[in-house]
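# An overview of the molecular structure
For reference, the chains in residue letters:
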Amino acid sequence: MRSLASRPVDPVVGQSVSHESADLHVTGEALYTDDLVVRSANVLHAWPVQAPHAHALVESLTTDVALTVPGVVRVLTAADVPGINDAGIKHDEPLFPTEVMFYGHAVCWVLGETLEAARLGAEAVQVQYRPLPSLLTLTEAIGAESFQGNQPTLSRGEADAALAASAHRFSGDIEFGGQEHFYLETHASFVYVDEGGQVFVHCSTQHPSETQEIVAHVLGMQSHEVTVQCLRMGGGFGGKEMQPHGFAAIAALGATLTGRPVRLRLNRTQDITLSGKRHPFHARWEAGFDEEGRIQALKATLTSDGGWSLDLSEPVLARALCHIDNSYWIPNVEVHGRVARTNKTSQTAFRGFGGPQGMFVIEDILGRCAPLLGVEPGELRKRNLYVPGQTTPYGQPVRHAERLQAIWQQLHDSADVVRRQEKIREFNASHPHLRRALAVTPVKFGISFNLTAFNQAGALVHVYKDGSILINHGGTEMGQGLHTKMRQVAATALGVPLALVRLAPTRTDKVPNTSATAASSGADLNGGAVKNACEQIRDRLAEVAARKLNIHPDDVRFVKGVVTGIGFTDREISFADLARDAYFQRVSLSAAGYYRTEGLHWDISRMQGEPFKYFSYGAAASEVEVDGFTGAYRQLRTDIVHDVGDSLSPLIDVGQIEGGFVQGAGWLTLEDLRWDVSDGPDRGRLATQSASTYKLPSFSEMPEEFNVHLFERATEDGVVYGSKAVGEPPLMLAFSVREALRLAAAAFGPGGREAQLASPATPEAVFWALTQARDAQAARDGGTTGAQDDRPFLPIPEPAHQGGIQGD
């Protein structure tokens, strides 16, 4: 049996090639779901009727008047659903609700000849609501004990006893915000019914098979009557893993009822107000350290804001608990998790899937406790890094833990951390109104789905008589370069040039029962399946070539489109000629591939097992400069060393690392979701529902110097061509920016004190933090708040959602 990780001579994997659709992207020729509409006639357009209450009962719904609006064809309501009126997998998300659960909840949908007609029809629909009490914040939900789903506990050792025996013991709490996906392409579906009654769904979805299942059960059909295709997505980030299903079901319902194609594409405001986001979290914790600053125990309760329904909140919470250790050995752990139910959109998957929230807690603890322990934060982190032989709190061995130490040291050397920190001290001493700081943080991220059953994939590969190759696989392309990597895998497995391989759109009638393209597992799973299918064909072709070359099939070699034997210099066959020969010998040139990740076990009830195939490692060093007048800051430089195993496609991987880091920095420093929490008529309304009110990272927030290095000599056994996942782990490298901002703000005051920093660490939050530092300095000097630098100061409130440390 061939090794999954070994590479042949002259592989196409490992080469830096551009994204397979790069030319189409930059010229505007790449087709997305909504681009298909202009190719069809008689298309109807859908528009939602959104409720103006955070929580209310629908007492009456009058749609007749909407039908008098010119161009309105139909209003879809619960009465039209032939199957199950639910858009979720847990049957807690009614497609047409009788109880409004968040501000903007769609109670019905209008179909019109034009989008404007549908919009006007939606305005004409008359709905009577009876408002009900609502819960919007985590504080409100916790106070009301409003929880949903499982409440898991992750434990190891004796946390209480270890805390009591610790030389240093601290406690605190923090609440940190969610994040809007803000993909360039909003949710979109385009559905028509063919002459045989087959419902064909074009959808911007990360999980075509689940979209197929939801559409089928809403329509009262079986899955084989529904086909879902995803050409490509203009971004997904997890927001299109579960959330597209209901929108696709609405379009499919309209198409089956009217017999006409239906297009449903949300505008930006609709997308932000209807779809879920990254889960906000609240954490309360106690931590114990020994005299040398090594963690002895951690006890914590993590509460996520799940919104109105469960969606993926349970596995997101489970992954948060599994990543609360990040890269650190914690011998005694007791962490409780729970999901709050609030009257907000149903929060969902987002790049990292709970991992970032879990890591946030331990990084915040170390950042806050380091000055109280009298240890430099980077040194505190280094002392607590995993070493070989240690296991995670859920019992999985931390394989290749030595890479953490190696990456940490390599980053310090390549980024010249020690010398730069000395330069920073000199800068701060000579600039009274500016402070710079540099922070280094590590990442250890587990790769595989929490749900073991999802760790499987299929592929379908065709070799044509002319030697050209078409591959289908179950993964979806959202800009991350998965299709590019799959072409490289196929070209490597068949020993042909990349130009011979074409990739077909993802479709449920080609590869069935697929898992979501998520959990950073797209290349691992689908790459394994593509490789398996290609090897089946190659083995058949090797038999044909062996007969022609008069050698054993094991001695046949496929390299760069030429088929020859070991040691042959005078006889060779082109791949195209061999494919033609195989056809005339009635040898199959098509194969269905399959892959399942081996060695996984996870007991969710006990939160114990080995749920991950391997861990991806990395570290980042970020330097920032903070303005003492405003709290505004610049990212001066970021250096990253990241482990992607033996990269399948280095150019793609570097791009993913850069993009993930910037998206993580956005979550941690800029992106501030704000709901109206007043008792007024707009209670529950999302105030940040457009690009004008929701701050996204842009070029101005990029590090002025950005260096990314792929960790070398990092082959990962048991994974396709020795590679590692790259999608999610880099996002957590952005903790280095937040921790650098904490240090810079603290540098305005005396040392040896806790530096509080709210999240997201907006310029406003940084200003609160540095003002507290100034206050501490003034108190120590016997002066008054804000006296230094001869500047007037307004009274500053406590940082939002930030609890101070209790220590002994």
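Structure: see above.
The structure contained in this document is the topic of the report that follows. Fair warning: this is a prediction, and the values are worked out from it, not measured in the lab. (Residues numbered from 1 in each chain as written. Predicted model: local features only at pLDDT ≥ 70, side-chain atom pairs only at ≥ 80, totals over all residues. Heavy atoms only, no water.)

## Side note on the overall build of the protein chain
Applicable threshold: A run of DSSP states H or I qualifies as a helix once it reaches four residues; a run of E qualifies as a strand once it reaches two. Both are numbered from the N-terminal end. Categorising residues by exposure relies on relative accessible area from a 1.4 Å probe, with only protein chains included: less than 20% of the type maximum marks a residue as buried, more than 50% marks it as exposed, and the intermediate range marks it as partly exposed. Throughout, a residue-residue contact means that at least one pair of heavy atoms, one from each residue, lies within 4.5 Å. Per-residue accessibility takes into account occlusion by the displayed protein chains alone, with areas from the Shrake-Rupley method and a 1.4 Å probe. The positive count covers Lys and Arg only, the negative count covers Asp and Glu only, and His and the chain ends enter neither. Taken as the charge location is NZ of Lys, CZ of Arg, CG of Asp or CD of Glu.
A tally of regular secondary structure across the protein chain gives 18 helices and 31 strands. The C-alpha extent of the protein chain, read off along each of the three principal axes, is 95 × 80 × 50 Å. Looking at the 808 residues of the protein chain, the share that counts as buried comes to 61%. A sequence separation of at least 24 residues applies to 81% of the contacts in the protein chain between residues at least 6 apart. On the protein chain, roughly 29,700 Å² of surface is accessible, and the fraction owed to carbon and sulfur atoms is 51%. In the protein chain, 71 positive and 94 negative side-chain charges are present, and the distance between their average locations comes to 4 Å.

## A closer look at the environment of Arg507
Position of Arg507 among the secondary structure elements: in strand β21 (residues 506–507). Remark: the alpha-carbon pair of Arg507 and Leu231, spanning 276 residues in sequence, is separated by 8.6 Å. Look past the residues within four positions of Arg507 in its chain and what remains in contact with it is Phe200, Thr227, Val228 and Gln229.

## What to know about the sheet that holds strand β20 (residues 501–503)
Worth spelling out the cut-off: At least two DSSP bridges between two strands are required for those strands to pair. For every element, the axis is a line fit to its C-alpha atoms; helices are fit only across the contacting stretch, and the angle between N-to-C directions ranges from 0 to 180 degrees.
Ordered in space as β20-β19-β18-β25, the four strands form an open sheet in which the pairing is mixed. Since the sheet does not close on itself, it has two edges, and those belong to β20 and β25 (590–596), each with one partner. The mean inter-strand angle of the sheet, taken between neighbouring strand axes irrespective of direction, is 25 degrees. Alignment of strand β18 (residues 456–463) against β25, held across seven bridges, turns out to be antiparallel. Bridge assignment links Ala459 to a residue of β25, and that residue is Gly593. Helix-sheet contacts for helix α13 (residues 482–494) involve β18, β19 (469–473) and β20, and the interaxial angle to β19 is about 130 degrees.

## Considering the sheet that holds strand β24 (residues 573–574)
Strands in a sheet are paired, the pairing made by backbone hydrogen bonds, and the direction either parallel or antiparallel. Taken together, the three strands give an open sheet; going across it, the order is β22-β23-β24, and neighbouring strands pair in antiparallel fashion. Both outer strands of the open sheet, β22 (556–559) and β24, are each paired with one neighbouring strand and no more. Strand direction decides the pairing type here: strand β23 (residues 562–565) and β24, joined by two bridges, are antiparallel. Residue pairing across strands places Val563 opposite Ile573, the latter belonging to β24. Contacts between helix α14 (residues 522–549) and the sheet are confined to β22, β23 and β24, with β22 contributing the most and set at about 115 degrees to the helix.

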